[in-house]
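Spelled out, the chains give:
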Amino acid sequence: QVQVVESGGGLVQPGGSLRLSCAASGSIFRIDGMGWYRQAPGKQRELVAAITSGGSTNYADSVKGRFTISRDNAKNTVYLQMSSLKPEDTAVYYCNVQRRPSPGVVYDYWGQGTQVTVSS
């Protein structure tokens, strides 16, 4: 099993910044992709940003140029630096960790979520 714990959410004014962190622990053998998703009230969960073990990144169009994802493989930790925040970024942010113990086998693990609220 893999435990996934997020931190860093909170209340911020429009235009402000926040940094989310997510640490994976437990059976962390062959951790592959890590990423952040978000879910706003009444909406489906959506991908915000993802990063492979090799460092390749992928962003939702709505956050490109404002958010930066990074990871520390030695610490099995992924970060999301969020800048120029907008009210529409308000959501619960979830960390996702993928483990690939063998070819063709993928396990997804999720954190409990951290609330990000952008409001004046």
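Every value quoted in this text rests on a predicted model; they were computed, and no experiment measured them.

Student: Give a description of the side chain of Asp-89 that names residues and reports values.
Tutor: By the secondary structure assignment, Asp-89 is in the loop between strand S8 (77-82) and strand S9 (91-102). A polar contact is formed between the side chain of Asp-89 and the side chain of Arg-38, at a distance of 3.0 Å. For Asp-89, the residues in contact, after removing those within four places along its chain, are Arg-38, Arg-66, Phe-67, Ser-84, Val-116 and Val-118.

Student: Got a sec to walk through the state of the cysteines? Specific residues and values, please.
Tutor: Applying the stated criterion across every chain yields a total of 1 disulfide. Across the disulfide from Cys-22 sits Cys-95; the S-S distance is 2.0 Å. On the S-S bond that ties Cys-22 to Cys-95, the torsion sits near -80°, and the link is left-handed. On the criterion of sequence distance, the pair formed by Cys-22 in strand S3 (residues 18-26) and Cys-95 in strand S9 is long-range, its members being 73 residues apart. Among the residues examined, Cys-22 registers a relative accessible area of 0% and is labelled buried.

Student: Got a sec to walk through the nonpolar core? Specific residues and values, please.
Tutor: Counting 29 residues, the largest nonpolar core has Trp-36, Leu-80, Met-82 and Tyr-93 as its most contacted members. Among the elements of the structure, strand S1 (2-7), S3, strand S4 (31-39), strand S5 (46-51), strand S7 (67-72), S8, S9 and strand S11 (114-118) are those that each provide at least two residues to this core. Excluding its chain neighbours within four sequence positions, the residues that come into contact with Tyr-93 are Glu-6, Leu-20, Trp-36, Tyr-37, Arg-38, Val-48, Phe-67, Leu-80, Met-82, Gly-113, Thr-114 and Val-116.

Cut-offs applied
Residues numbered from 1 in each chain as written. Predicted model: local features only at pLDDT ≥ 70, side-chain atom pairs only at ≥ 80, totals over all residues. Heavy atoms only, no water. Helix = DSSP H or I, 4+ residues; strand = E, 2+ residues; numbered from the N terminus. Polar contact = N/O pair within 3.5 Å; in protein donor to acceptor, adjacent residues only side chain to side chain. Contact = heavy atoms within 4.5 Å. Disulfide = S-S within 2.5 Å. Buried < 20%, exposed > 50% of the residue type's maximum accessible area, 1.4 Å probe, protein only. Core = buried A, V, L, I, M, F, W, Y, C linked by side-chain atoms within 4.5 Å.

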